[in-house]
Amino acid sequence: MNRSTTAADLDASFTLDAAVLVQRKAVSARRLYTLQIPIVRAVGFAVLCGIAAVQDLRGDALFPQPELLWLVLGNLSYAALAALLLRLGHGRSGRVDLSLLLFHLDLLVWLVNLHHLEQGSLFFAYFLLMRVVDQVGVGFRRALYFSHLVTAAYLGYSVWMSFYDPAQSFWLDRLGIATTMYLLGLYLAVTGLVTERLRNRTRQAVRTARALVESLAQKANALEAQAAELEHARHQAEQASFAKSQFLAVTSHELRTPMNGILGASELLMASPLTPMQQRYVQVAHRSATAMLALIDDVLDLSRIEAGKLTLNLTSVDLRALATEAVDLVAVTSRDKPITLSCELAPQLPPRVLADPPRLRQMLVNLLHNAVKFTDRGSVRLEVSILEDTQSALRLRFSVIDTGIGIADDKIDSIFGAFTQVDGSSTRRHGGSGLGLAIVKELVDLMGGQVHVESRLGAGSRFWIDLQFEKVAEPATNPEPAPPTMATCRYRSSSPKTTSSTRWWSKKC
Ligand code: ADP
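Here's a quick rundown of the structure. Not measured: the values here are computed from a predicted model.

Conventions adopted
- Residues numbered from 1 in each chain as written.
- Predicted model: local features only at pLDDT ≥ 70, side-chain atom pairs only at ≥ 80, totals over all residues.
- Heavy atoms only, no water.
- Helix = DSSP H or I, 4+ residues; strand = E, 2+ residues; numbered from the N terminus.
- Buried < 20%, exposed > 50% of the residue type's maximum accessible area, 1.4 Å probe, protein only.
- Contact = heavy atoms within 4.5 Å.
- Areas by Shrake-Rupley, 256 points an atom, 1.4 Å probe, with all protein chains shown as cover.
- Phe/Tyr/Trp six-rings, centres within 6.5 Å; stacked < 30°, edge-to-face > 60°.
- Lys NZ or Arg CZ within 6 Å of the ring centre and 35° of its normal.
- Pairing = 2+ DSSP bridges.
- Axes fitted to C-alpha atoms, helices over the stretch in contact; angles between N-to-C directions.
- Parallel < 35°, antiparallel > 145°, perpendicular 65-115°, else oblique.
- Nonpolar A, V, L, I, M, F, W, Y, C, P; charged D, E, K, R; others polar.
- Salt bridge = Lys/Arg side-chain N within 4 Å of Asp/Glu carboxyl O.
- 1 Å grid on protein atoms, 1.4 Å probe; cavity = no way out; pocket = protein on both sides within 12 Å on 5 of 7 lines; lining within 4 Å.
- Points joined across faces, edges and corners; volume = space filled by probe spheres on them.

### With respect to the overall build of the chain
Then comes step 1: When helices and strands are counted, the chain shows 11 helices and nine strands.
Then comes step 2: When the 509 residues of the chain are sorted by exposure, 34% land in the buried category.
Then comes step 3: Of all intrachain contacts in the chain linking residues separated by at least 6 positions in sequence, the fraction that spans at least 24 positions is 72%.
Then comes step 4: As displayed, the chain offers around 30000 Å² of accessible surface, 62% of which is attributable to carbon and sulfur atoms.

Below is the structure:
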């Protein structure tokens, strides 16, 4: 079953801190050598004493035999002495492994016990294997060493017995026991391999985890430093951008005054009696000044928006009037092209909404102006449709659709950037500064809306803006005319040479 780890499953004491781990290891080693091993040793000897006593009790001789008393006394004294030595010597014995030394001594004391117990059965020899078992947890090599040592000790004891008490030598039995003991010892030592492998794996896992934690900590530090640098860079960039916007706002504002002077003066000059050549020169100067003023206005607008100085002034707006006015404004620029300029308004469009009329008009004019600029023939259409209509608000879509040159797919993402033009030669051929769409985007963002574009190279483009407006209650005293089924206003140039006054205009609304 798949079960995710919860906080309760985690071992709160688990740590990878090397210092803490060393400290814990020292504490557990102290507990092992000064408490656990002495206790196990004492219990082991107590059990041996118990077995010896039971054996003596069963015998015919007097109980307790003096030999048993000595054995018990010897066992307990040895266990106490070993415990004392371990306690006093722990951490002070230098290069001598006191515990290992005592394990060897244990073997001698066990042999003495064996000699007493053997009178009951030779099989008590297997008790010696306990020494091997004790070492399994330490590792394969230690267990293997003790398995040999135990067998050698037993064989040594057997040789000693054959001299000391030849009647008890039972060589055949003893050799069988020694062989079995050796094989069992080997088997036990091999089980130590598993323990050792597990321990190595745990060590390796802890080492890997520690290395991972360290590299994570390093990465976290590097990320923190990077974040601080980024924050610093962002702050600097913001300051630079603010300073740039301030500079642009101030200089653009200062430039407008002399530009208006030039425009006014050239208009006065144009109205005065001039030779045809002078008239042409003045017209060129006037057109250039007008273009310059438009550019200054765009720069001023963009820098004011970027500096956060542009606020929206919401008033009650007649959307129909505003849309037709925007079309009217660009009609002048389309007069030299065979283009049909039209605007279609949704019939259910409420008479008034709350908006910032100059800014809304500016956005529509920018889009319409581009559409006309990049369309040589065909049509340019402004559509206002309703996306959502509730009691107090409505979402509208303003679409400007043209049949112009279109925009290549790989360029479409960049056109809303300031001073960005799809084609480098655009300024030369069509004029413009690459600021119109940037201003539209900033204004749409300011109004909480979205602007989108879809386009096909050579087939035309469609820009649309989705905006939310609050409705304005219509004053009862000044009722608007009933909405038409589809409001349409249309301009069409009759010939490339026509002027705005000769163009025909149909207005079904
Ligand atoms: P510009 O002053 O150059 O028109 P804009 O920011 O208004 O600057 O437009 C950026 C660029 O996007 C234009 O130079 C043009 O390449 C492209 N563009 C904008 N509108 C259209 C359109 N209706 N059709 C084709 N290209 C367009």
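What follows picks up the thread again.
### Quick look at the packing of aromatic side chains
Then comes step 1: Throughout the structure, instances matching the rule amount to 12 aromatic pairs.
Then comes step 2: Taken together, a centroid distance of 6.4 Å and an interplanar angle of 70 degrees make the contact between Phe 416 and Phe 463 edge-to-face. Pair noted here: Phe 416 is in the loop between β5 (393–402) and α10 (426–430) and Phe 463 is in strand β7 (residues 460–471), with a separation of 47 residues, a long-range link.
Then comes step 3: By relative accessible area, which is 8% here, Phe 463 ends up buried.
Then comes step 4: Counting every residue linked through ring pairs, the aromatic cluster contains Phe 45, Tyr 78, Trp 110, Phe 124 and Phe 127.
Then comes step 5: For Arg 462, the ring lying beneath its charged end belongs to Trp 464, and the centroid distance is 4.1 Å.

### Here we look at the pairing of strand β2 (residues 339–345)
Then comes step 1: In terms of burial, β2 is largely enclosed, as six of its seven residues are buried.
Then comes step 2: Where β2 lies against strand β4 (residues 378–389), seven bridges are found, and the strand directions are parallel. The partner of Leu 345 across the bridge, within β4, is Val 384.

### Description of the packing of helix α1 (residues 18–58) against helix α3 (residues 98–117)
Then comes step 1: Running from N to C, α1 and α3 point in directions that differ by 5 degrees, and their axes come no closer than 11 Å. It follows that α1 is roughly parallel to α3 by the angle criterion. Together, Tyr 33, Ile 37, Arg 41, Phe 45, Leu 48, Ile 51, Ala 52, Gln 55 and Asp 56 of α1 and Ser 99, Leu 102, Phe 103, Asp 106, Val 109, Trp 110, Asn 113, His 116 and Leu 117 of α3 make up the contact between the two elements.
Then comes step 2: Here the residues of the contact of α1 with α3 sort into 11 nonpolar, four polar and three charged.

### Here we look at the pattern of salt bridges
Then comes step 1: Under the counting rule described, the total for this entry stands at 16 salt bridges.
Then comes step 2: In this structure, the salt-bridge partner of Asp 466 is Arg 397, at a minimum N-O distance of 2.7 Å. Linking Asp 466 in strand β7 with Arg 397 in strand β5, this pair joins segments that are 69 residues apart in sequence.
Then comes step 3: Judged by relative accessible area, which is 4%, Asp 466 ranks as buried.
Then comes step 4: Overlapping salt bridges bring together Arg 41, Asp 106, Arg 131 and Asp 134 as one network.

### Some thoughts on the layout of surface pockets
Then comes step 1: The space that makes up the second largest pocket amounts to roughly 750 Å³.
Then comes step 2: If you trace the second largest pocket, you find 21 residues lining it, with Leu 21, Lys 25, Ser 28, Arg 199 and Arg 203 closest to the centre.
Then comes step 3: Elements supplying a minimum of two residues to the lining of the second largest pocket: α1 and α6 (171–271).
Then comes step 4: Among the elements that take part in the lining of the second largest pocket, α1 stands out by supplying 11 residues, more than any other.
Then comes step 5: Residues that form the lining of the second largest pocket fall into these classes: nine nonpolar, five polar and seven charged.

Function cannot be inferred from these measures alone, as they are strictly geometric.
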